[in-house]
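# Topology and contacts: notes
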Amino acid sequence: MQDTATKFQQPSTSGLKPVKPWSISTQANIFRTVSDLLLVGFSVRHAIQFCETLYQPQKRDLHVINEQLHAGYTVSQTFEPFVDDQIGLQLRLAEEHGQLTQSLGQVSRLLQTAHQRHQKN
């Protein structure tokens, strides 16, 4: 059974490996960056690759995400180990409806608001 604090991803090199979900602020920043890069013409994979440089603490995770995208996984599948289940669902719905860029921006704003609320408490 899976612990709620630990999720699993399947890297290309070995079996299942436990990973820790990213903080709310990290998720917000990465999704905002990816959304902005998609808006100016980057592909999803190039946007993630660019994020590897910007977000050094998540570089390894982002590299695995990029490898999984290259292997044919969807964006929502690749981010699933690092985000809350509701965010994962939003990403899946956005992909299904062709609204990934806009949804990433919305998710980023929602996460930023949640982070600010959490900071006040």
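These notes cover the structure that comes with them. (Residues numbered from 1 in each chain as written. Predicted model: local features only at pLDDT ≥ 70, side-chain atom pairs only at ≥ 80, totals over all residues. Heavy atoms only, no water.)

## Focus on the environment of L89
Looking at where L89 falls in the secondary structure, it is placed in helix 5 (residues 85–96). Measuring from C-alpha to C-alpha, the distance between L89 and Q77 comes to 9.9 Å, with 12 residues separating the pair along the chain. (Helix = DSSP H or I, 4+ residues; strand = E, 2+ residues; numbered from the N terminus.)

## Here we look at the side chain of Q27
Here Q27 lies in helix 1 (residues 24–39). Filtering out sequence-adjacent residues up to four positions away, Q27 remains in contact with W22, F82, V83, D84, I87 and L111. (Contact = heavy atoms within 4.5 Å.)

## Here's the deal with helix 1
The end-to-end C-alpha separation of helix 1 is 22 Å, in line with the 22 Å expected for 16 residues at 1.5 Å each. When we look at burial in helix 1, the residues that qualify are T26, Q27, A28, I30, F31, T33, V34, S35, L37 and L38. Those residues of helix 1 hidden inside the fold are in contact with helix 2 (44–54), helix 3 (59–70), helix 4 (75–79), helix 5 and helix 6 (100–120). A positive backbone phi angle near 110° is found at G41, which sits one or two residues after helix 1. (Expected span 1.5 Å × (residues − 1). Buried < 20%, exposed > 50% of the residue type's maximum accessible area, 1.4 Å probe, protein only.)

## A word on the packing of aromatic side chains
For the structure shown, the criterion picks out four aromatic pairs. Between W22 and F79, the aromatic rings sit 6.0 Å apart at their centres with planes inclined by 75°, giving edge-to-face as the arrangement. Note that W22 is positioned in the loop between strand 2 (17–19) and helix 1 and F79 in helix 4, a separation of 57 residues in sequence. Plain terms: the ring middles of F42 and F50 are 5.9 Å apart, the flat faces sit at 65° to each other, and that makes the pair edge-to-face. Cluster of aromatic residues (ring-pair linked, three or more members): W22, F31, F79 and F82. (Phe/Tyr/Trp six-rings, centres within 6.5 Å; stacked < 30°, edge-to-face > 60°.)

## Points about the nonpolar core
Buried together is how nonpolar side chains tend to be arranged in soluble globular proteins. Formed by 26 residues in total, the largest nonpolar core has its most connected members in F31, V34, L62, I65 and F79. Of all the elements, helix 1 adds the most residues to this core, at six residues. The residues touching V34, leaving out its near neighbours within four places in the chain, are A47, I48, C51 and L104. (Core = buried A, V, L, I, M, F, W, Y, C linked by side-chain atoms within 4.5 Å.)

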